[in-house]
Amino acid sequence: MESDKVVERIYLLVIVTLISVLQNVFFAQKVEKECKTATSSTCRVSCANRNCMDTYPTFLAVMWCAGLCLSQAPAAFAGIIYLMVRQKYFVGYLGQTSQSTPGYLFGKRIIFFLSLMCIVGIFNYLLWRYFGSDYQEHVQTITSAASALLLIP
Amino acid sequence: MESDKVVERIYLLVIVTLISVLQNVFFAQKVEKECKTATSSTCRVSCANRNCMDTYPTFLAVMWCAGLCLSQAPAAFAGIIYLMVRQKYFVGYLGQTSQSTPGYLFGKRIIFFLSLMCIVGIFNYLLWRYFGSDYQEHVQTITSAASALLLIP
Amino acid sequence: MESDKVVERIYLLVIVTLISVLQNVFFAQKVEKECKTATSSTCRVSCANRNCMDTYPTFLAVMWCAGLCLSQAPAAFAGIIYLMVRQKYFVGYLGQTSQSTPGYLFGKRIIFFLSLMCIVGIFNYLLWRYFGSDYQEHVQTITSAASALLLIP
């Protein structure tokens, strides 16, 4: 079964992607419900949705690159934490209008961690190609351990 | 020829992606043409384009996941239908200002079908891994048949 | 090492993706800084960022398809040039308010080149599959040479 080798390498990433799609649909329905009566300038939820959607392709691209280059389990774990941060960010906009809103960017630490995973993965590949030394297993273990650090608030 | 094995698994998805890119460029040029004179608040086409662009990454992610996890032909077929729905949605915004506009979301049924394909694909992989039973061929046949149901309006 | 075969085929694309993510974060921080005091209607940087983000998924999809279908080096090269064009476009919005702003679309030539690469790659695959003739090496050489034409302003 040729095709299952592909699925084996990506199934955790696919699951996180599906959860993020579910969240997108939830956000969109929230916007549709809340912004029907209000004008667009006063609708804060629409703004939160826009900010989330602006960073969504960036997040997807980095998560998939990290998962393919190094190891899918820590990448999917970081993805799950990103989705939780995003949920919290969106809910922060649902409160009182007088309340201060969260900033434009969120989840910078997770994007940074995933980018680092990509760089380590490519570096590891180049080391293996030009020097023949293979640290992949060690690197994967360290990455899995390091991903737990993302849980620190 | 190593690389053609990759192309074999994705070429239908690539074709649908290219068509969607063509459609994006068409939308963008329509916006550039229509909204040059009007102010941004009255330009309904710009709003339609924004809604289409907001859901574009979601669509791409789900289509590719479904195509990689299960089978590319039904995924590409669903993608084509999604693009047709999107075209109809966009054209619906081009009409009279007094006319009621379509809602914020569209193509929910197709996104749902593609998500289901992903879940079935992963479930099938896990069944094969832990129980050794392989239903991939049956599942692919059923999916191809089920994708025809999307044609029902 | 099974997984390094995957990395070998995509590592240039991953590097370009990482650079684009870095650029996205730079854009977002510029928007956060510039638009804090101004109202959203007068904030031209926010508009530039929105236009860039609208076309970002399109760019990513086409670059990855071109890289997977044909050859990653010319695709990554075209990606780098696209990022430079985008930087110039964004900086063009940072100038005086009286100055005329660049249009809605940018980098059309590069998107067109990448789409052409996808089509050539698929065509080449179909030729190989149905006629057994293999021109992949020739096509890759021609594409690498043609990508240099993108440097012409």
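Residues numbered from 1 in each chain as written. Chains lettered and ligands numbered in written order. Predicted model: local features only at pLDDT ≥ 70, side-chain atom pairs only at ≥ 80, totals over all residues. Heavy atoms only, no water.

Some remarks on the UniProt feature "transmembrane region" (unreviewed entry) in chain A
Residues and elements named next belong to chain A.
Next up, step 1: Under the feature "transmembrane region" (unreviewed entry), the UniProt entry names residues 6–27, 59–85 and 110–128.
Next up, step 2: Its end C-alpha atoms 31 Å apart, residues 6–27 is made of 100% helix and 0% strand.
Next up, step 3: In residues 59–85, helix accounts for 93% and strand for 0%; the two terminal C-alpha atoms are 12 Å from one another. (UniProt positions renumbered as here; feature names shortened; annotations may be inferred. Helix = DSSP H or I, 4+ residues; strand = E, 2+ residues; numbered from the N terminus.)

Description of helix H2 (residues 44–69) of chain A
All names here are of chain A.
Next up, step 1: For H2, built from 26 residues, the straight-helix expectation of 38 Å at 1.5 Å per residue is met to within 8% by its first-to-last C-alpha distance of 38 Å.
Next up, step 2: Tyr56 marks where H2 bends most, by close to 35°; the proline Pro57 follows one to four residues later.
Next up, step 3: Of all 26 residues that make up H2, 24 are buried, and the element is covered over most of its length. (Expected span 1.5 Å × (residues − 1). Bend = angle between axes of the 7 residues up to and from the residue. Buried < 20%, exposed > 50% of the residue type's maximum accessible area, 1.4 Å probe, protein only.)

Notes on the interface of chain B and chain A
Next up, step 1: Each partner contributes to the interface: chain B provides 24 residues, whereas chain A provides 24 residues.
Next up, step 2: Counting each side, the surface lost to burial between chain B and chain A is near 2300 Å², with a carbon and sulfur contribution of 71%.
Next up, step 3: Summed over the shared surface of chain B and chain A, the result is 1 salt bridge.
Next up, step 4: In this structure, Asp54 of chain B and Arg50 of chain A form a salt bridge, with 3.2 Å as the shortest nitrogen-oxygen distance.
Next up, step 5: For the pair chain B and chain A, the number of links is 3 residue pairs in polar contact (both at pLDDT 80 or more).
Next up, step 6: For the side of chain B that touches chain A, the elements supplying multiple residues, two or more each, are helix H2 (44–69) and helix H4 (108–131) of chain B.
Next up, step 7: Per-class residue counts for the side of chain B that touches chain A are 15 nonpolar, 4 polar and 5 charged. (Contact = heavy atoms within 4.5 Å. Buried area = accessible area lost by both parts, 1.4 Å probe. Salt bridge = Lys/Arg side-chain N within 4 Å of Asp/Glu carboxyl O. Polar contact = N/O pair within 3.5 Å; in protein donor to acceptor, adjacent residues only side chain to side chain. Nonpolar A, V, L, I, M, F, W, Y, C, P; charged D, E, K, R; others polar.)

As for the relation of the copies chain C and chain A
Next up, step 1: Aligned on chain A, chain C shows an RMSD of 0.0 Å; the corresponding rotation is 120° and the shift along the axis is 0.0 Å. What the rotation and shift describe, once combined, is the action of a three-fold rotation axis. Identified as the residue of chain C closest to the rotation axis by C-alpha distance is Pro57 of chain C, at 3.5 Å.
Next up, step 2: Interface overlap between copies: only 8% of the residues of chain C at the interface are likewise at the interface in chain A, consistent with a contact formed by different surfaces. (Least-squares fit on C-alpha atoms with pLDDT ≥ 70 in both.)

Looking at the state of the cysteines
Next up, step 1: Scanning the model with the defined rule gives 0 disulfides over all chains in all.
Next up, step 2: Looking at the unpaired Cys65 of chain A, the closest cysteine sulfur is the one in Cys118 of chain A, lying at 4.9 Å. (Disulfide = S-S within 2.5 Å.)

Focus: the interface of chain C and chain A
Next up, step 1: In this complex, chain C contributes 24 residues to the contact, which on the side of chain A involves 24 residues.
Next up, step 2: The contact between chain C and chain A buries some 2300 Å² in all, and 71% of this surface belongs to carbon and sulfur atoms.
Next up, step 3: Here chain C and chain A share 1 salt bridge between them.
Next up, step 4: Summed over the shared surface of chain C and chain A, the number is 3 residue pairs in polar contact (both at pLDDT 80 or more).
Next up, step 5: If you list the elements that add at least two residues to the side of chain C that touches chain A, you get helix H1 (2–34) and helix H2 (44–69) of chain C.

Section: the layout of surface pockets
Next up, step 1: Its volume calculated, the second largest pocket comes out at about 1500 Å³.
Next up, step 2: Around the second largest pocket, the lining is made up of 38 residues, and of these Val6 and Leu68 of chain A, Leu68 of chain B together with Val6 and Leu68 of chain C lie nearest the centre.
Next up, step 3: Per element, the largest residue contribution to the lining of the second largest pocket is 7 residues, and it comes from H1 of chain C.
Next up, step 4: A class-by-class count of the residues in the lining of the second largest pocket yields 24 nonpolar, 2 polar and 12 charged. (1 Å grid on protein atoms, 1.4 Å probe; cavity = no way out; pocket = protein on both sides within 12 Å on 5 of 7 lines; lining within 4 Å. Points joined across faces, edges and corners; volume = space filled by probe spheres on them.)

Topic: a nonpolar patch on the surface
Residues and elements named next belong to chain A.
Next up, step 1: On the surface, Ile15, Ile19, Ile80 and Met84 cluster together into a nonpolar patch covering about 320 Å² of accessible area.
Next up, step 2: Breaking the nonpolar patch down by element, the ones donating at least two residues are helix H1 (3–34) and helix H3 (72–93).
Next up, step 3: One can find Met84 in helix H3. (Patch = residues over 30% accessible without salt bridge, like charges linked within 9 Å, V, L, I, M, F, W, Y side chains within 5 Å. Areas by Shrake-Rupley, 256 points an atom, 1.4 Å probe, with all protein chains shown as cover.)

Focus: the packing of H2 of chain C against helix H3 (residues 72–93) of chain C
All names here are of chain C.
Next up, step 1: Between H2 and H3, whose axes approach to 11 Å, the crossing angle comes to 175°. When the interaxial angle is binned, H2 and H3 end up roughly antiparallel.
Next up, step 2: Among the residues forming the contact of H2 with H3, the class breakdown is 15 nonpolar, 7 polar and 2 charged. (Axes fitted to C-alpha atoms, helices over the stretch in contact; angles between N-to-C directions. Parallel < 35°, antiparallel > 145°, perpendicular 65-115°, else oblique.)

A few points about the packing of aromatic side chains
Next up, step 1: Evaluation of the coordinates by the stated rule reveals 15 aromatic pairs over all chains.
Next up, step 2: Ring plane angle 10° and centroid distance 4.1 Å describe the contact between Phe59 of chain B and Tyr82 of chain B, whose orientation is recorded as stacked. Remark: Tyr82 of chain B occurs in helix H3 (residues 72–93) and Phe59 of chain B occurs in helix H2; sequence separation between them is 23 residues. Each member of the pair, Phe59 of chain B as well as Tyr82 of chain B, is classed as buried.
Next up, step 3: Centre to centre, the rings of Tyr125 of chain B and Trp128 of chain B are 6.1 Å apart; their planes meet at 40°, and the pair counts as tilted. Of this pair, Tyr125 of chain B and Trp128 of chain B both sit in helix H4, 3 residues apart, roughly one helical turn.
Next up, step 4: The exposure class of Trp128 of chain B is partly exposed, given its relative accessible area of 29%.
Next up, step 5: The rings of Tyr11 of chain A together with Tyr125 and Trp128 of chain B are connected pair by pair, giving a single aromatic cluster. (Phe/Tyr/Trp six-rings, centres within 6.5 Å; stacked < 30°, edge-to-face > 60°.)

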